[in-house]
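What follows is each chain in one-letter form.
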Amino acid sequence: MLLPILTILLSAAAQIEARAFARNAVVIERGEASNTTYDYIIAGGGLAGLTLADRLTENLAVTVLVVEAGPFDQGEDAILVPGKYNPSAYFWFNSISPPQPGLLSQAFFVIMGKVVGGGSAINAMFMHRPAAEEMSSWETLGAKGWGFNDLLPYYKKSETFTPPDPTFAEQHNISYAASNHGSNGPIYTSYAAYDYPGGGNWWTAAMNLGQKKAVDINGGAAVGLFYFFRALNPFTGTRSYSKTGHYDRVIATRPNYHLLPSTLVSKVTFNGTRATGVEIMDPTTLVKTNAYAKKEVIVSAGGVHTPQILQLSGIGPKALLESLNIPVVVDLPGVGANFQDQPSLAIGYNFDNNLIPNGGSLADNATYLAEQQAIYDSTKKGALTMIATTGNQGLALSLQNATTNYQSIIAHAKAQNPADIYASGTHPDVLRGYAAQRAQQYAQLASKGSPVGSVFWNTGPETSIYMLKPLSRGTCNINSNDITASPVVDFRTLSDDTDLEFILALFNKNREIMQQPSIQILGPTETTPANGETDVEMLKLALRGAIQPSTAHQCCTTPMMKRKYGGVVDRKMLVYGTKGLSVVGVSMFPLTIGSAPSATLYAAAEKAADIIMKRNHT
Ligand SMILES: Cc1cc2nc3c(=O)[nH]c(=O)nc-3n(C[C@H](O)[C@H](O)[C@H](O)COP(=O)(O)OP(=O)(O)OC[C@H]3O[C@@H](n4cnc5c(N)ncnc54)[C@H](O)[C@@H]3O)c2cc1C
Ligand SMILES: *[C@@H]1O[C@H](CO)[C@@H](O)[C@H](O)[C@H]1NC(C)=O
Ligand SMILES: *[C@@H]1O[C@H](CO)[C@@H](O)[C@H](O)[C@H]1NC(C)=O
Ligand SMILES: *[C@@H]1O[C@H](CO)[C@@H](O)[C@H](O)[C@H]1NC(C)=O
Ligand SMILES: *[C@@H]1O[C@H](CO)[C@@H](O)[C@H](O)[C@H]1NC(C)=O
Ligand SMILES: *[C@@H]1O[C@H](CO)[C@@H](O)[C@H](O)[C@H]1NC(C)=O
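Computed from a predicted model, the values in this text were never measured in an experiment.

A.B. asks: Explanation requested: the overall build of the protein chain in the structure shown.
C.D. replies: What the protein chain contains, in helices and strands, is 21 helices and 21 strands. Taken against the 2.2 N^0.38 rule, which gives 25 Å for 618 residues, the C-alpha radius of gyration of the protein chain at 24 Å falls within 12% of a compact globule. Overall size of the protein chain, expressed as C-alpha extent along the three principal axes, is 75 × 60 × 45 Å. Residue burial in the protein chain is summarised as follows: out of 618 residues, 61% are buried. Within the protein chain, residue pairs in contact and separated by at least 24 positions form 74% of the contacts whose partners lie at least 6 positions apart. When the accessible surface of the protein chain is totalled, it reaches about 22300 Å², and 53% of it is carbon and sulfur. On the protein chain, the mean spot of the 45 positive side-chain charges and the mean spot of the 47 negative ones are 9 Å from each other.

A.B. asks: Would you mind showing me how to read the sheet that holds strand β17 (residues 462-467) here?
C.D. replies: To summarise the sheet geometry, strands pair through backbone hydrogen bonds and adopt either a parallel or an antiparallel arrangement. As summarised here, the arrangement of the 6 strands in space is β5-β15-β16-β17-β14-β20, forming an open sheet in which the pairing is antiparallel. Edge positions in the open sheet fall to β5 (224-227) and β20 (524-526), since each of these has one partner strand only. For this sheet the average axis-to-axis angle between neighbouring strands, irrespective of direction, equals 25°. With 4 bridges connecting them, strand β15 (residues 393-397) and strand β16 (residues 453-457) associate as antiparallel partners. Within β16, the residue paired with L395 across the bridge is V455.

A.B. asks: Sorry, what's going on with the pairing of strand β14 (residues 344-351) here?
C.D. replies: Here is the key point about a regular strand: its side chains alternate between the two faces of the sheet. Along β14, 6 of the 8 residues are buried, which leaves the element largely enclosed by surrounding structure. Here β14 pairs with β17 via 5 bridges, running antiparallel. What sits directly across from I347, in β17, is T463. Pairing of β14 with β20, which is carried by 3 bridges, proceeds in the antiparallel orientation.

A.B. asks: How should I be thinking about unusual backbone geometry in this particular structure?
C.D. replies: Across the chain, the bulk of peptide bonds are trans and the bulk of non-glycine residues have phi less than zero. Going from I356 to P357, the amide bond is cis rather than trans, its omega being 0°. Structurally, the position occupied by P357 is in the loop between β14 and α12 (361-364). For the peptide bond that leads from T528 to P529, omega is -5°, which places it in the cis range. In this fold, P529 is placed in the loop between β20 and α20 (536-546).

A.B. asks: How should the nonpolar core be read in this particular structure?
C.D. replies: Generally speaking, nonpolar side chains in soluble globular proteins are found buried as a group. Counting 161 residues, the largest nonpolar core has W146, L581 and V584 as the members making the most contacts within it. Examining the composition of this core, we find that 11 residues originate from one element, helix α21 (residues 598-616), more than from any other. Apart from residues lying up to four places away in sequence, L581 is in contact with V268, F270, A275, V297, V299, L310, I315, M573, L574 and V575. Among the nonpolar cores identified, the runner-up in size contains 10 residues, and Y194, Y196, L362 and A383 belong to it.

A.B. asks: Explain the packing of aromatic side chains here, please?
C.D. replies: Aromatic ring pairs: the centre-centre distance and the angle between the two ring planes describe each pair. Counting across every chain of the model gives 26 aromatic pairs. Each ring, one from F161 and one from Y191, has its centre 6.2 Å from the other, and the planes form 85°; the classification is edge-to-face. Pair noted here: F161 is in strand β3 (residues 159-161) and Y191 is in the loop between β4 (187-189) and α8 (198-208), with a separation of 30 residues, a long-range link. In this structure F161 comes out as buried when scored by relative accessible area, which is 9%. Classification of Y191 by relative accessible area gives buried; the value is 8%. Counting every residue linked through ring pairs, the aromatic cluster contains F161, F168, Y176, Y191, Y227 and F229. Above the plane of the ring of W92 lies K114, whose end atom (NZ or CZ) is 4.4 Å from the centre. Over the aromatic face of W146 sits the side chain of K607, whose NZ or CZ is 5.1 Å from the ring centroid.

A.B. asks: How should the pattern of salt bridges be read in this particular structure?
C.D. replies: Any two side chains of opposite charge can pair, on the condition that their charged atoms come close. Counted according to the given criterion, the structure contains 18 salt bridges. Residue E606 pairs with R55 through a salt bridge whose shortest N-O separation is 2.7 Å. With a gap of 551 residues between them, E606 in helix α21 and R55 in helix α2 (residues 47-56) connect regions that are remote in the sequence. A residue is classified by how much of its surface remains accessible, and E606, at 0% relative accessible area, is buried. Assessed through its relative accessible area of 8%, R55 is described here as buried. Between K288 and E279 there is a salt bridge, and its shortest N-O distance comes to 3.8 Å.

A.B. asks: Teacher, can you tell me more about the side chain of R438 here?
C.D. replies: Relative to the helices and strands, R438 resides in helix α17 (residues 428-446). Looking at R438, its side chain comes within polar contact range of the side chain of D496, at 2.8 Å. Ignoring any residue separated from it by four or fewer positions in sequence, one finds R438 in contact with A413, Q416, P418, I421, L471 and D496.

A.B. asks: What exactly am I supposed to notice about the site of ligand 4 here?
C.D. replies: Around ligand 4, the neighbouring residues are Q171, H172, N173, D195, G200, W203, T204 and M207. Separating an oxygen atom of ligand 4 from a backbone N or O atom of G200 is a distance of 3.1 Å. At a separation of 3.2 Å, an oxygen atom of ligand 4 approaches a polar side-chain atom of T204. When ligand 4 is considered free in solution it has 370 Å² of accessible area, and contact with the protein chains removes 64% of it.

A.B. asks: Would you take a moment to explain the UniProt feature "binding site: FAD" (unreviewed entry) in the protein chain for this structure?
C.D. replies: Within the UniProt annotation, "binding site: FAD" (unreviewed entry) is assigned to V115 and V265. Spanning 151 residues, the named residues form one tight spatial group whose C-alpha atoms are at most 14.2 Å apart. Here V115 lies in the loop between α3 (77-80) and α4 (119-122). The class of V115 is buried, set by a relative accessible area of 0%. Not counting residues up to four positions away in its chain, the partners in contact with V115 are G45, E68, G70, P71, F72, D73, Y90, A121 and I122. Structurally, the position occupied by V265 is in strand β9 (residues 264-271). When residues no more than four places from it in sequence are discounted, the contact partners of V265 are A43, V67, V278, E279, I280, I309 and I483.

Thresholds, definitions, all that
Residues numbered from 1 in each chain as written. Chains lettered and ligands numbered in written order. Predicted model: local features only at pLDDT ≥ 70, side-chain atom pairs only at ≥ 80, totals over all residues. Heavy atoms only, no water. Helix = DSSP H or I, 4+ residues; strand = E, 2+ residues; numbered from the N terminus. Rg over C-alpha atoms; globule rule 2.2 N^0.38 Å. Buried < 20%, exposed > 50% of the residue type's maximum accessible area, 1.4 Å probe, protein only. Contact = heavy atoms within 4.5 Å. Areas by Shrake-Rupley, 256 points an atom, 1.4 Å probe, with all protein chains shown as cover. Lys, Arg positive; Asp, Glu negative; His and termini not counted. Charge placed at Lys NZ, Arg CZ, Asp CG, Glu CD. Pairing = 2+ DSSP bridges. Axes fitted to C-alpha atoms, helices over the stretch in contact; angles between N-to-C directions. Core = buried A, V, L, I, M, F, W, Y, C linked by side-chain atoms within 4.5 Å. Phe/Tyr/Trp six-rings, centres within 6.5 Å; stacked < 30°, edge-to-face > 60°. Lys NZ or Arg CZ within 6 Å of the ring centre and 35° of its normal. Salt bridge = Lys/Arg side-chain N within 4 Å of Asp/Glu carboxyl O. Polar contact = N/O pair within 3.5 Å; in protein donor to acceptor, adjacent residues only side chain to side chain. Near = heavy atom within 4 Å. UniProt positions renumbered as here; feature names shortened; annotations may be inferred.

Listed below in structure tokens is the structure:
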């Protein structure tokens, strides 16, 4: 899939005759951005990029260019109608990992969105927030000012929350505090007003084991039983995402907001260490031109492509850049290190007497699908408001809640040498930061308040386990100086085998739940991947063959940490050693959070917009 390397050098040198900014616009042609000077240029029009662009252009005197690699979606059901979810038209197709030794040497496709809206256009719409204590760990690592209470006003600013019908909420154990939510923001959030009957059986089973209902899973105490919270517009029954909230909503009144789709940012340009703009490339002709930024270039290209763009621009580990003949602007060893994702595991079941309908019915019962389609068409409600194959009930578990064996698992983690887990030759700053991260993670593992993972039964054929807080670290580095070549995503899943202990604990907790009377009456038989296997070593082998390294939550590759820890951006998102260059998006997280990233990313991008506007007086 790699395009032939073709280098077309266009002079970015001295006397550029910058063109006047055309105040018409919106979606622009490449030629129009070429040689044009903006106040801000945002590389990547995904979740964070469009959120920023919207806020920065509220002041009509400020000009912004967003360059996005992917196209606009076509408003198709596969994107907008949750029950018709099919993201595959908008993936990046050029990225396969190297074989993963921890996963029986399998290689994996790297799932990422390439479309206006980025991951928010094709994700599974879950909008859960982390535990407050996890955000305190971020602060300790260098992200001062990014604690849960600092972000709370921005979580609220980002959303229009629609409360559930009170009777439905009571019957379905939906528990939340309205004070944690906003009523006026661009992204619609809500609870699906439809539920499968088996959800209650599962909830009862978990309660039977002593698990408790979370008072508000999104209020900073993120463990316990909960009902899924989604980026669902309850009035239209459709996905709410950065394109609808931060582009469609405002674009008619923002002649100062330019978006250039289907175009690559191939690098950031510099005068010395000051970012002056970006080089942009037509992916078909490979012709490159330049656009200029008076105030800042902001890289928002996601967890994988943000470090790629920085490295191609001369910001990254010196030895790597020199090996590819890339002139070094700043030697920053942390760019592309600290890669994290959230591995997952699907467990299959057959049932003798499952309740109908269930999370498998849309797929296996055409009558039911037709019924639900009619309900959806006329009322925008029903099963099609949920991503197909998902149920509504989840359980987020602290390690202590997952297993009585937690002390020995923590002892096993502490006995590892961090330097043995990273690839050999890792820079000492990165290892120092990793040791500091592990200290935070040990404290979280010992706490009852931090989730280590979560378990969901979809009420039909599948249970999913999410390993939210791995100790393993991967890398994401370029191996070519061609922007059209994918960076190498080496997940290094289970490089710390403590992570397998976490997954095993979650797996066993799930088995306990499925053995409770309220589930046993449905007649479950565990099928894949372990077929009821109980021998621990055999089970571990089966899990290594079945664990997916990713839930497409790739992150943390340009972390907001102290520079001596291998950090890449400071607490104001500025790239160390540069001027006029910042990073906003999932790559700036220092550590994964015990939930999915989107809700926190919307909040973080809102906060970042305030910081950027303030420092530039715009
Ligand atoms: C299939 C899938 C399911 C997911 N499910 C969930 C979920 O249920 N809940 C949740 O919270 N999170 C989920 N996520 C993750 C979440 O969507 C991402 O973490 C989030 O979108 C990251 O935001 P971002 O702005 O940092 O990057 P992105 O949203 O990925 O945006 C980055 C953008 O940059 C563009 N880009 C990359 N390189 C270049 C370049 N060189 N030039 C120009 N543009 C470029 C990309 O095309 C992309 O549009 C899911 C993601 C996927 C893919
Ligand atoms: C680069 O920066 C220097 C110092 O700020 C300035 O004098 C010079 O004109 C700049 N060069 C270009 C090409 O903008
Ligand atoms: C941009 O400027 C360069 C150098 O000044 C010039 O060669 C090129 O033709 C210009 N491109 C466009 C599209 O105006
Ligand atoms: C709600 O919780 C009660 C126990 O508190 C349980 O009996 C019931 O099945 C649950 N229902 C759902 C839909 O979760
Ligand atoms: C299929 O769905 C219809 C309509 O909801 C229902 O009556 C029927 O029992 C279902 N059949 C099966 C086999 O699930
Ligand atoms: C799980 O953790 C919560 C919160 O600390 C606690 O109240 C509950 O009793 C725990 N449940 C189990 C089964 O350990």
